[in-house]
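Below are the chains, spelled out letter by letter.
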Amino acid sequence: MHRSRVPVAALVAAALLALAPAASAHPGDWALSGAFERTVAPSFQGGFVPDDVDEVDVAFDNRAKTLALALRFFEAPTRGEVLVELGRAPGDGTCVTDAATIRITAADLPLVRTETVTERFWVPEQHRWTVSSSWPGTGWSYLGWDTWRARHHWLRAGYWDARTVTREVVDVDPSVHERTAVLERDGVAGALTATVRVGHGDVRFAFSFGHPLLDGLAADCLEIRVPGRLAPFTVVPPAAPAPAPEPAPAPAPPTEAGDPDLVDLEDVAVTATRRGALIELLLTGDAERLQVRVRGTARTLGFRPRVVLRGAPQAARWVVVRVGDGVEWSDWRRVPVRQPV
C-alpha cells in the first residue's frame, strides 16, 4: 500500500532527543524520532487532513522504567482517536508493531459557572374568611358575608411578581480540553494512563508513562494512525541491502516444448482475508515452501493454494510472506489483511 507520508528523519541517536537528553546513558535506553512532509493526497476531507502528523519523538529510560511520547501536528487536530504502535523492524523496511500500543483520545471539559437572573412568576389568587369585617390590607376585596362559614369573605386577585434566582450552569470550556493516552504492552494485563490538559489550538501533546513492568521494553520502529488517513505515518530503519546471491549453476536449457520444472517465484500472487478469528491466505502460482510472519510470529509451511492462520491477533493488519523453490527465497512481501464485506 502506498504511504501517505515519507519520514524525513527515521532513527536518530538518543542524545539528540529533547525528551530525554541522557536517554543513551544506561543499557536498554533507546529513542525514536521522525518528521513528515505534508501532502494533499486524495482524501474525503479534500486538501490537507487536520490530523496530519508533523513530528514524533519517543524515548525510553530503562533505568527509570519510563516511556515519553511527544506528537506535533501541522494544525490543531480533531478529537478523533490517534493510535501509536511501537515494534521491531525485521530489516526489510517494515515494522512489526507488537511491542506496545498507545491510544490517544480527547474529551471536552465542563465549565461550571454561577449566574443570577431575575424571573417573573405568577402569584395565584387568595381567599380569606374573617370574623371581623375590618379590611385586611392592600389588594384585598370584600366579597360579602359567607352564610355557610359564618364569616366575612375576602379575595386577593392573582398577579405577576418578580424574584432573583441564583443557579449553576454547566457549559463546555471554550478554551481547553483533555487528551488521554492509554498505553498497553503485549503480555501485560491492564494499562497505563496519562492525561494532559491542552488548549483548543495546541498542536503539540506530550505524555509520560512509568511502571516497573515496562522493564526491557524495546522498539526501533513505530506506526501512527490518525483519522482521515488510511496509511500510517511510519518511522522505520531503512531496509538492509540484500546479500549478493551465490552464483547458481547454469540451468539446463529447456526443451522446445518447455520445461515444466522451471519455477518463477515472482509469478506467485498472495491475498489475505480476515475470517473471524482466522486469516485466510489464497496463493496462485508455483513454489515449494512458504514462510509467513504475523506480528513477530514466523511460520514455515509447504506451499499450497490455501493456508489458514489460526490464533492471529485481531489487531493484525498485515501479513508478511515469501516463497521458495527449494533453492532460494523470494523477497518478503507485505500483504494487507482484507476485512470481510
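Not measured: the values here are computed from a predicted model. (Residues numbered from 1 in each chain as written. Predicted model: local features only at pLDDT ≥ 70, side-chain atom pairs only at ≥ 80, totals over all residues. Heavy atoms only, no water.)

## Topic: the environment of E184
Our working definition: A run of DSSP states H or I qualifies as a helix once it reaches four residues; a run of E qualifies as a strand once it reaches two. Both are numbered from the N-terminal end. Residues count as neighbours in contact if any of their non-hydrogen atoms are within 4.5 Å of one another.
If you trace the backbone, E184 turns up in strand β10 (residues 159-185). For the pair E184 and A99, spaced 85 residues apart in sequence, the C-alpha to C-alpha distance is 9.0 Å. If sequence neighbours within four positions are ignored, E184 has contacts with A100, T101, R103, G190 and A191.

## Structural notes on the nonpolar core
Under the convention used in this document: We define a nonpolar core as any set of buried Ala, Val, Leu, Ile, Met, Phe, Trp, Tyr and Cys residues linked to one another through side-chain atoms lying within 4.5 Å. Buried residues are those whose accessible area, probed at 1.4 Å on protein chains only, stays under 20% of the maximum for their type, while exposed residues exceed 50% and partly exposed ones sit between those limits.
Within the largest apolar cluster, 34 residues are counted, with the highest numbers of intra-cluster contacts made by L71 and I224. Leaving out residues up to four positions away in the same chain, I224 has contacts with V53, V56, L71, V82, L83, V84, P232 and F233.

## Quick look at the packing of aromatic side chains
Convention followed: Aromatic pairs are defined between Phe, Tyr and Trp rings, using the six-membered ring for Trp, whenever the two ring centres lie within 6.5 Å; interplanar angles under 30 degrees are classed as stacked, those over 60 as edge-to-face, and all others as tilted. In this analysis the charged atom, NZ for Lys or CZ for Arg, is taken to sit over a ring once it is within 6 Å of the ring centre and within 35 degrees of the ring normal.
One pass over the structure, following the stated rule, counts five aromatic pairs. Consider the rings of F73 and F205, whose centres lie 5.8 Å apart with planes at 50°: the pair is tilted. Here the residue F73 occupies a position in strand β4 (residues 66-73), and F205 occupies one in strand β12 (residues 204-210), the gap between them amounting to 132 residues. Against the face of W140 rests R128, its NZ or CZ located 4.5 Å from the ring centre. Across from the ring centre of F121, 4.3 Å away, lies the NZ or CZ of R163, which sits over that ring.

## Comments concerning the pairing of strand β3 (residues 53-61)
Inclusion rule: Two strands are said to pair when DSSP picks up at least two bridges between them.
The buried count for β3 comes to seven of nine residues, which makes it a mostly enclosed element. Both strand β2 (residues 30-36) and β3 contribute to a ladder of six bridges, which runs antiparallel. Residue pairing across strands places W30 opposite F60, the latter belonging to β3. Here β3 folds back onto β4, and the loop between the two strands holds four residues, one of which, K65, carries a positive phi near 60°.

## So, the state of the cysteines
The condition that has to hold: Defined by distance alone, a disulfide is two cysteine sulfur atoms within 2.5 Å.
Applying the stated criterion to the full structure yields one disulfide. Here C95 engages in a disulfide with C221; their sulfurs sit 2.0 Å apart. Given an S-S torsion of about 80°, the disulfide between C95 and C221 has right-handed geometry. Residue C95 is found in the loop between β5 (82-88) and β6 (96-123), and its partner C221 is found in strand β13 (residues 221-225); the two are separated by 126 residues along the sequence. When sorted by exposure, C95 lands in the same class as C221, which is buried.

## A few points about the environment of V169
With respect to the helices and strands, V169 occurs in strand β10. Accessibility expressed as a relative area gives 19% for V169, which makes it buried. In this structure the C-alpha to C-alpha distance between V169 and T114, which are 55 residues apart in sequence, comes to 6.2 Å.

## Quick word on the sheet that holds strand β17 (residues 289-294)
Neighbouring strands of a sheet are bound in pairs by backbone hydrogen bonds; such pairs are parallel or else antiparallel. The criterion, for reference: Each axis is a line fitted through C-alpha atoms, and for a helix only the stretch in contact is used; angles between axes span 0 to 180 degrees, taken between their N-to-C directions.
As summarised here, the arrangement of the seven strands in space is β18-β17-β20-β21-β15-β16-β19, forming an open sheet in which the pairing is mixed. Strands at the two margins of the open sheet, each flanked by one partner only, are β18 (297-302) and β19 (306-309). Neighbour-to-neighbour, the strand axes of this sheet turn through a mean angle of 25°, independent of strand direction.

## Regarding the pattern of salt bridges
Definition in use: By convention in these notes, a salt bridge is any Lys or Arg side-chain nitrogen within 4 Å of a carboxyl oxygen on Asp or Glu.
Enumeration according to the criterion identifies 20 salt bridges in this entry. We note a salt bridge from R38 to E75, for which the minimum N-O separation is 2.7 Å. Note that R38 is positioned in the loop between β2 and β3 and E75 in the loop between β4 and β5, a separation of 37 residues in sequence. Classification of E75 as partly exposed rests on a relative accessible area of 33%.

## A word on empty space enclosed by the protein
Put simply, the rule is: Here a cavity denotes a set of grid points, spaced 1 Å apart and computed over the protein atoms alone, in which a 1.4 Å probe fits but from which it cannot get out, and a pocket denotes an open set meeting protein on both sides within 12 Å along at least five of seven lines; residues with an atom within 4 Å of a point are reported as lining. Grid points are joined across faces, edges and corners, and a volume is the space filled by probe spheres set on the points. Asp, Glu, Lys and Arg are counted as charged, while Ala, Val, Leu, Ile, Met, Phe, Trp, Tyr, Cys and Pro are counted as nonpolar; the rest, among them Gly, fall into the polar class.
Under the criterion given, the structure shown has one cavity of 30 Å³ or more. Empty space within the largest cavity amounts to approximately 150 Å³. Contributing to the lining of the largest cavity are 17 residues, with C95, V96, R295, W318 and R334 lying nearest its centre. Listed by contribution, the elements that provide at least two residues to the lining of the largest cavity are β6, β13, β17 and β20 (318-324). Among the residues making up the lining of the largest cavity, the classes are represented as seven nonpolar, three polar and seven charged.

## Quick word on unusual backbone geometry
Backbone geometry places K65, a non-glycine residue, at a positive phi of 60°. Structurally, K65 is set in the loop between β3 and β4. Phi at A150 takes a positive value of approximately 60°, unusual for a residue other than glycine. Checked against the element boundaries, A150 lands in the loop between β8 (140-146) and β9 (151-156). We classify A150 as partly exposed; its relative accessible area is 36%.

## What about the pairing of β13?
For β13, a buried count of five out of five residues is recorded, marking the element as mostly surrounded by other parts of the structure. Burial of β13 is two-sided: the residues C221, E223 and R225 facing one way and the residues L222 and I224 facing the other way are all buried. Pairing geometry for β5 and β13, over five bridges, is antiparallel. In the strand pairing of β13, G87 is matched with C221.

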